[in-house]
Amino acid sequence: MSNFLKKEGEEAELTTPLHAPIKRRSFFMYAGATAGATALLLSGCDDDDDETPAAGTVSLGSGDIGVLNYAYALEQLEAAFYAQVIATPYASMPADEMTALTAIAKHEAIHRDFFKAAIPAASRIPALNPDFSSINFSSRDAVLGAAKTFEDLGVAAYNGAGSLLKSPDYLLLAGKIVSVEARHAAYVRDLLDNGSFAGSDVVNANGLDQALPVATVLAAAQKYIKETINGDNVGK
Amino acid sequence: MNLFNIISELEKVDPEIMDRLSHRRSALSALGSLGKKMALAAAPIAIGSAFNKAVGQNTLNTANEVLNYALLLEYLEEDFYAQALAAPTLAANLTSGSAARGAIQTIKNHETAHVNLLKAALGTNANPRPASFDFGNAFLTYPTFLTFAQAFEDTGVRAYKGQATKIQSANQPAILQTALQIHSVEARHAAHIRYMRRGAAAGGQSNIMPWVVGKEANGAPDAVYGAGNPAATFPAEDNITQATLTLTTGLGATYTAADVSAAFDEGLDNTTVTTIARSVVTF
């Protein structure tokens, strides 16, 4: 966010209530993000009325808002996953694992709800429908294996998206969340294999965690989301 | 006292000292407002002040300053784990082939890699390693060592987080991404060290979670989890407000302060980080 915009007092946009009128400058900032949705609506107005215009496709939008929607999508996925883990715990889940996984479920729900509250309603993606049909929730290995996938992917996503952000406020917020995801990742990995908290499959020889592009992350996450997610313009 | 010897010595630990002395407004005004003899007498004070800025200045203005600050923290962490692995007092716990030694060695290797990476990025601008780090009683017992380790890792996470926007504003996206990639590795280390502290021989701290709950220090210095400066940007770890939203009650669901605070790690400014480091380490 430029200083110019800050002088206009627009830094409060992050907390704009859902019902607040969109200021004109904000509208132009978000116009890019909503363009895809508008195109979908318009396509329903042409002659081919029986054509289903990309039903179930969700565009994350562009610019910083696109990055926030990207994070919101991933947090929705994680929150739904851990909610299921806690609702149907694997056999003989030890008390300390229940305690920790319940805490993680809360963290992810808080992240999800935070993004939902912070992203202006006009640009925010809808609630997504998860598809966890490939995960056997009665198996500890399967659940913790999926948790590892989600957490490592989340860390790599935030690490890859940080430099796409223009707003310092959003960057600091992303930084506050990603290290918590990394703590989750380390914990889940240690449960599966003590000492694998920063294994060489995620931390390279330079001591660097993964940083993945949006397209790579979405390709990996897509199988767990019923809607088709389009992140082509995230950060652009 | 030979002024040029002093400057020469300082250059060894701070290659940018001459830049700082000749270009910083504070140094110029300090020297310029005094007579020549007075200036010479005052010079060591001005130099000392400029030198302090190398590690304790309020604002790190360039990417190189941020990287040298990160390098100092990585030097510290690397040396901390190297000393631990060699400490006779810890030998019974960090036995060869044990999970504990394996984990500490993994972490030490990452810190070494970070040192090398930052030195390579800085090239000739890299500050040299301090002559020594004295960690006091850190290695007296295994639980003490892990308490220090938790303090360093959690502080490291906060330190990198606190610099992200500085690198962003320097328009260095590649450096920003690298810093973020180090940042999350430090968080993995912190989580594991916290996990280790649950062990009976490690102090049996069965209430410690891999994440930071409230501003509970678990025996580490309270400042590690306290507020930085400015506190509005760098609040204490028990913060429950993000982007002006009170997350315990403002999200349409009710969440505990413990869960909300743990869901977000807070950043810390470099001055507060340096003060914390110097409170437990002599270097």
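Residues numbered from 1 in each chain as written. Chains lettered and ligands numbered in written order. Predicted model: local features only at pLDDT ≥ 70, side-chain atom pairs only at ≥ 80, totals over all residues. Heavy atoms only, no water.

**Comments concerning the overall build of chain A**
Here is step 1: Counting secondary structure elements, chain A contains seven helices and two strands.
Here is step 2: Reading chain A from its N end, one meets helices and strands in the order α-α-β-α-α-α-α-α-β.
Here is step 3: Relative to its 236 residues, chain A shows a buried fraction of 52%.
Here is step 4: Element-wise, carbon and sulfur atoms account for 56% of the exposed surface of chain A, whose accessible area totals about 10,000 Å². (Helix = DSSP H or I, 4+ residues; strand = E, 2+ residues; numbered from the N terminus. Buried < 20%, exposed > 50% of the residue type's maximum accessible area, 1.4 Å probe, protein only. Areas by Shrake-Rupley, 256 points an atom, 1.4 Å probe, with all protein chains shown as cover.)

**Quick word on the overall build of chain B**
Here is step 1: Helices and strands together make up the secondary structure of chain B, namely ten helices and two strands.
Here is step 2: Start at the N end of chain B and walk to the C end: the helices and strands fall as α-α-α-α-α-α-α-α-β-β-α-α.
Here is step 3: Within chain B, contacts between residues separated by at least 24 positions form 73% of all contacts whose residues are at least 6 apart in sequence.
Here is step 4: If you sum the accessible surface of chain B, you get close to 11,900 Å²; carbon and sulfur atoms cover 57% of it. (Contact = heavy atoms within 4.5 Å.)

**A closer look at empty space enclosed by the protein**
Residues and elements named next belong to chain A.
Here is step 1: Counted by the stated rule, this structure contains four cavities of 30 Å³ or more.
Here is step 2: What the largest cavity holds in volume is close to 150 Å³.
Here is step 3: Of all the secondary structure elements, the ones that give two or more residues to the lining of the largest cavity are helix H3 (63-87), helix H4 (95-118), helix H5 (140-161) and helix H6 (168-192).
Here is step 4: Looking at which element gives the most residues to the lining of the largest cavity, the answer is H3, with five residues.
Here is step 5: Residues belonging to the lining of the largest cavity are distributed by class as follows: 16 nonpolar, one polar and no charged.
Here is step 6: If you add up the space inside the second largest cavity, you get close to 120 Å³. (1 Å grid on protein atoms, 1.4 Å probe; cavity = no way out; pocket = protein on both sides within 12 Å on 5 of 7 lines; lining within 4 Å. Points joined across faces, edges and corners; volume = space filled by probe spheres on them. Nonpolar A, V, L, I, M, F, W, Y, C, P; charged D, E, K, R; others polar.)

**Let's talk about helix H7 (residues 214-221) of chain A**
All names here are of chain A.
Here is step 1: Those residues of H7 that sit buried are Val 214, Val 217, Leu 218 and Ala 221. Looking straight down H7, one finds that the buried residues subtend no more than 95° of arc, so they occupy a single side. Exposed and facing more than 90 degrees away from the buried side of H7 are Ala 215 and Ala 219.
Here is step 2: Residues of H7 that are buried make contact with H3, H5 and strand S2 (228-230). (Arc of directions from axis to C-beta.)

**A short note on unusual backbone geometry**
All names here are of chain B.
Here is step 1: Between Asn 229 and Pro 230 the backbone carries a cis peptide bond, its omega angle lying at 0°.
Here is step 2: The topology assignment puts Pro 230 in the loop between helix H8 (173-196) and strand S1 (241-242).
Here is step 3: Positive phi, close to 55°, is recorded for Asn 171, a residue that is not glycine.
Here is step 4: Tracing the chain through its elements places Asn 171 in the loop between helix H7 (142-169) and H8.

**A closer look at the environment of Thr 99 of chain A**
Here is step 1: Inspection of the secondary structure assignment puts Thr 99 of chain A in helix H4.
Here is step 2: Separated by 13 residues in sequence, Thr 99 of chain A and Ile 86 of chain A have C-alpha atoms that sit 9.7 Å apart.

**Describing the interface of chain B and chain A**
Here is step 1: Facing the 54 residues of chain B at the interface are 59 residues of chain A.
Here is step 2: Summing both partners gives a buried area of about 4,500 Å² for chain B against chain A, and 66% of it is carried by carbon and sulfur.
Here is step 3: Where chain B touches chain A, the interface holds five salt bridges.
Here is step 4: Between Glu 266 of chain B and Lys 176 of chain A there is a salt bridge, and its shortest N-O distance comes to 2.7 Å.
Here is step 5: Contributing elements (two or more residues each) for the side of chain B that touches chain A: helix H6 (99-122), H7, H8 and helix H9 (257-263) of chain B.
Here is step 6: Looking at which element gives the most residues to the side of chain B that touches chain A, the answer is H8 of chain B, with 18 residues.
Here is step 7: Of the residues belonging to the side of chain B that touches chain A, the class tally is 30 nonpolar, 16 polar and eight charged. (Buried area = accessible area lost by both parts, 1.4 Å probe. Salt bridge = Lys/Arg side-chain N within 4 Å of Asp/Glu carboxyl O.)

**Notes on the nonpolar core**
Within soluble globular proteins, side chains that are nonpolar tend to cluster in buried spots.
Here is step 1: Counting residues in hydrophobic clusters, the biggest one holds 138 residues, and the most contacted among them are Tyr 70 and Phe 81 of chain A together with Phe 80 and Phe 145 of chain B.
Here is step 2: Leaving out residues up to four positions away in the same chain, Tyr 70 of chain A has contacts with Leu 60, Ala 157, Ala 161, Pro 213, Val 214, Val 217, Leu 218 and Val 234 of chain A. (Core = buried A, V, L, I, M, F, W, Y, C linked by side-chain atoms within 4.5 Å.)

**Remarks on the packing of helix H5 (residues 63-86) of chain B against H8 of chain B**
Residue and element names in this part refer to chain B.
Here is step 1: Relative orientation of the contacting elements H5 and H8 amounts to 25°, with a least axis distance of 13 Å. In terms of axis orientation, H5 runs roughly parallel to H8. Where H5 crosses over H8, the handedness of that crossing is left-handed. Contacts from Ala 63, Leu 67, Glu 74, Glu 77 and Tyr 81 in H5 reach Ile 175, Ile 182, Glu 186 and Ile 193 in H8. (Axes fitted to C-alpha atoms, helices over the stretch in contact; angles between N-to-C directions. Parallel < 35°, antiparallel > 145°, perpendicular 65-115°, else oblique. Left-handed = near helix turned anticlockwise from the far one by under 90°.)

**Quick word on the pattern of salt bridges**
Here is step 1: Scanning the model with the defined rule gives twelve salt bridges over all chains in all.
Here is step 2: A salt bridge links Glu 78 of chain B to Arg 129 of chain B, with the nearest nitrogen and oxygen atoms 2.9 Å apart. Separated by 51 residues along the polypeptide, Glu 78 of chain B in helix H5 and Arg 129 of chain B in the loop between H6 and H7 bring together distant segments of the chain.
Here is step 3: Three or more residues are tied together by salt bridges with common partners; here these are Asp 152, Arg 189, Asp 201 and Asp 209 of chain A together with Arg 188 of chain B.

**As for H5 of chain A**
Here is step 1: Between its first and last C-alpha, H5 of chain A extends 31 Å over 22 residues, near the 32 Å set by a 1.5 Å rise per residue.
Here is step 2: Within H5 of chain A, 16 of the 22 residues are buried, which leaves it mostly tucked inside the rest of the structure. (Expected span 1.5 Å × (residues − 1).)

**A few points about the confidence of the model for chain B**
Here is step 1: Looking at chain B as a whole, its pLDDT mean stands at 85, while 79% of the residues score no less than 70.
Here is step 2: This model gives residues 1-57 of chain B a pLDDT under 50, and the stretch forms 63 contacts once residues within four places in sequence are excluded. (pLDDT = per-residue confidence, 0-100.)

**Observations concerning the packing of aromatic side chains**
Here is step 1: The full count for this structure, using the stated rule, is 24 aromatic pairs over all chains.
Here is step 2: Ring centres of Tyr 187 of chain A and Trp 211 of chain B lie 5.9 Å apart, and the angle between their planes is 80°; this geometry places the pair in the edge-to-face category. Here the residue Tyr 187 of chain A occupies a position in helix H6, and Trp 211 of chain B occupies one in the loop between H8 and S1, the pair thus bridging two chains.
Here is step 3: By relative accessible area, Tyr 187 of chain A is classed as buried at 5%.
Here is step 4: With a centroid separation of 6.3 Å and an interplanar angle of 40°, the aromatic rings of Phe 139 of chain B and Phe 145 of chain B are classed as tilted. Comparing Phe 139 of chain B with Phe 145 of chain B shows no difference in burial state: the two are buried.
Here is step 5: Grouping aromatic residues by their ring pairs yields a cluster made of Phe 80, Tyr 81, Phe 133, Phe 135, Phe 139, Tyr 142, Phe 145, Phe 148, Phe 152 and Phe 283 of chain B.
Here is step 6: Above the plane of the ring of Phe 283 of chain B lies Arg 278 of chain B, whose end atom (NZ or CZ) is 4.1 Å from the centre. (Phe/Tyr/Trp six-rings, centres within 6.5 Å; stacked < 30°, edge-to-face > 60°. Lys NZ or Arg CZ within 6 Å of the ring centre and 35° of its normal.)

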